[in-house]
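Listed below, chain by chain, are the residues.
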Amino acid sequence: MSLDVSMSPDATTKWQPAPARLDEPTTAVEDLYVIGHFGIAHVDADAWRLHVGGAVERPLELSLADLHAMPTVQVQAVLECFGNPLLPDEPTRRAGNVVWTGVAVRTVLDEAGVRDGDLLWAEGHDHGVFDGVPCTEYRKDLPLDVVRERGVLAHAMNGEPLTAEHGFPVRLFVPGYFGTNNVKWLRALTVADHRPDHLFTTTLYQRSVPGSTTLAPVRDLDVISLVTAARRDGPRAHVRGWAWGSAPVTRVEVGLGTDGPEEWVDATLGEPVGGPFGWRRFEAFPTAGPEARVVAARAHDAAGRSQPLGGARNACHVVALDQEP
Ligand SMILES: Nc1nc2c(c(=O)[nH]1)N[C@H]1C(S)=C(S)[C@@H](COP(=O)(O)O)O[C@H]1N2
Ligand SMILES: [Mo]
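What you see is a predicted model; the values in this text were computed from it and never measured.

Conventions adopted
- Residues numbered from 1 in each chain as written.
- Chains lettered and ligands numbered in written order.
- Predicted model: local features only at pLDDT ≥ 70, side-chain atom pairs only at ≥ 80, totals over all residues.
- Heavy atoms only, no water.
- Helix = DSSP H or I, 4+ residues; strand = E, 2+ residues; numbered from the N terminus.
- Rg over C-alpha atoms; globule rule 2.2 N^0.38 Å.
- Buried < 20%, exposed > 50% of the residue type's maximum accessible area, 1.4 Å probe, protein only.
- Contact = heavy atoms within 4.5 Å.
- Lys, Arg positive; Asp, Glu negative; His and termini not counted.
- Charge placed at Lys NZ, Arg CZ, Asp CG, Glu CD.
- Patch = residues over 30% accessible without salt bridge, like charges linked within 9 Å, V, L, I, M, F, W, Y side chains within 5 Å.
- Areas by Shrake-Rupley, 256 points an atom, 1.4 Å probe, with all protein chains shown as cover.
- Salt bridge = Lys/Arg side-chain N within 4 Å of Asp/Glu carboxyl O.
- Phe/Tyr/Trp six-rings, centres within 6.5 Å; stacked < 30°, edge-to-face > 60°.
- Lys NZ or Arg CZ within 6 Å of the ring centre and 35° of its normal.
- Near = heavy atom within 4 Å.
- Polar contact = N/O pair within 3.5 Å; in protein donor to acceptor, adjacent residues only side chain to side chain.
- Nonpolar A, V, L, I, M, F, W, Y, C, P; charged D, E, K, R; others polar.

Draft legend 1. Representation of the overall build of the protein within the structure. For the protein, the helix and strand inventory stands at 4 helices and 26 strands. Relative to the globule expectation of 20 Å for 325 residues, the C-alpha radius of gyration of the protein, 21 Å, shows essentially globular dimensions. Dimensions of the protein, computed from C-alpha atoms along their principal axes, come out at roughly 65 × 45 × 35 Å. Burial analysis of the protein (325 residues in total) assigns 57% to the buried set. Counting only contacts in the protein whose residues sit at least 6 apart along the sequence, the fraction spanning at least 24 positions is 70%. Placing the 29 positive and 43 negative side-chain charges of the protein at their respective mean positions leaves the two points 3 Å apart.

Structure (structure tokens):
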């Protein structure tokens, strides 16, 4: 783990496109938001190794060539940011639906032979200071059963090798989980039976859950929707966008009004794009009188959850009619 990794000088990298740019079913890599808490890491692919250790029979050290020689899996799914961990109730609407190619985490864990433990720690090469706290790496811990079932060691996005911004040469991706868990510039996987203390595991990215007094790590995606177009079309409005979440989206409503959404209609729903954790198109053509000025979308999921109207990170997306969202 002594690989020398240079970091771009910026302390935090944040970039995101306007929602109107997310109207395509598959998000182009150049339209996918970027978050790097310490900046962007630049990793030498030849020197890169993935260390697999902890409670395993055979610790591994895999090169990029080793990974490329393993069976490949491909999945299309939404990558979504939880938001600023210091402002956890603020909507940021950073998301994209991309195609991930790589090696199933299961393949690597089977080769290593898991002995025991119910968590998988994932560690990235980037380092620096975030919120005044110096960190020697980015670290997350994830439930081993979920990562084993659907986690991918991704080396390509939309069929092209990952860019430095998105985690070159390899990142973890777990469909249905918030972006924070999808560790970029991956350098180690460790099977463990307890949570590691780290800024990005037990301090930040924790949230309260109904019926519990303890905070839980930010993992499953919330039910959410994004408006990508809202224009007048004769006496009607044409409103469309995407909806997704960790549980299947069952219904999306579109609201229209003057100062806020007042009249709601059901939108039509397309199939999830690319797989169960891809986003679904919603589209509606509600009647829009001259007084109609704002449009909102509200998604509901199979677990019985709905987007709140306000005050939450997944609050309804409200946009101005006839302006590019
Ligand atoms: N190593 C590392 N992985 C990381 C992060 C990071 O700062 N360092 N940020 C996480 C967060 S909060 C998000 S939302 C996604 C963003 O991925 P992207 O920049 O490819 O869109 O990466 C996640 N993985
Ligand atoms: Mo994020």
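Still more ground to cover, so stick around.
Draft legend 2. Representation of a negative patch on the surface in the model. Together, Asp-116, Asp-118, Asp-145 and Asp-193 make up a region of like negative charge exposed at the surface. Residue placement: Asp-116 occurs in the loop between α2 (105–112) and β9 (119–124). Given a relative accessible area of 45%, Asp-116 falls into the partly exposed group.

Draft legend 3. Looking closely at the pattern of salt bridges. Counted according to the given criterion, the structure contains 19 salt bridges. Across the pair Asp-31 and Arg-21 runs a salt bridge, and its minimum N-O distance is 2.5 Å. Taken together, the residues Asp-31 in the loop between β2 (13–15) and β3 (34–36) and Arg-21 in the loop between β2 and β3 connect sequence positions 10 residues apart. Residue Arg-21 is classed as partly exposed on the basis of its relative accessible area, which comes to 42%. With a closest N to O distance of 2.6 Å, Glu-80 and Arg-313 form a salt bridge. A residue pair is termed long-range when its members are at least 10 positions apart, and Glu-80 in strand β7 (residues 73–80) and Arg-313 in the loop between β25 (294–301) and β26 (317–320) qualify at 233 residues. You can call Glu-80 buried: its relative accessible area is 2%. Looking at Arg-313, the relative accessible area reads 5%, which means it is buried. The network of salt bridges with common partners includes Glu-80, Arg-207, Asp-222 and Arg-313.

Draft legend 4. Representation of the packing of aromatic side chains. Taken as a whole, this structure holds 9 aromatic pairs when the rule is applied. With centroids separated by 5.2 Å and ring planes inclined at 85°, the aromatic side chains of Phe-82 and Phe-178 adopt a geometry described as edge-to-face. Here Phe-82, found in the loop between β7 and β8 (95–104), pairs with Phe-178, found in the loop between β15 (171–173) and β16 (186–192); they are 96 residues apart in sequence, far enough to count as distant. Site record: aromatic cluster; members linked through ring pairs are Phe-38, Phe-82, Phe-130, Tyr-138, Phe-178, Phe-200 and Tyr-205. Against the face of Tyr-177 rests Arg-150, its NZ or CZ located 5.5 Å from the ring centre. Taking NZ or CZ as reference, Arg-281 lies 4.0 Å from the ring centre of Trp-242, over its face.

Draft legend 5. Structural view of the site of ligand 1. If you check the shell around ligand 1, you find 19 residues, and the closest are Tyr-33, His-37, Asp-126, His-166 and Lys-184. Here an oxygen atom of ligand 1 sits 2.9 Å away from a polar atom, N or O, in the main chain of Ile-35. At a separation of 3.1 Å, a nitrogen atom of ligand 1 approaches a polar backbone atom of Asn-182. Here ligand 1, which alone exposes 530 Å², has 100% of that area covered by the protein. It is β3 that contributes the most residues to the shell around ligand 1, 3 residues altogether. In the shell around ligand 1, the residues fall into 9 nonpolar, 6 polar and 4 charged.

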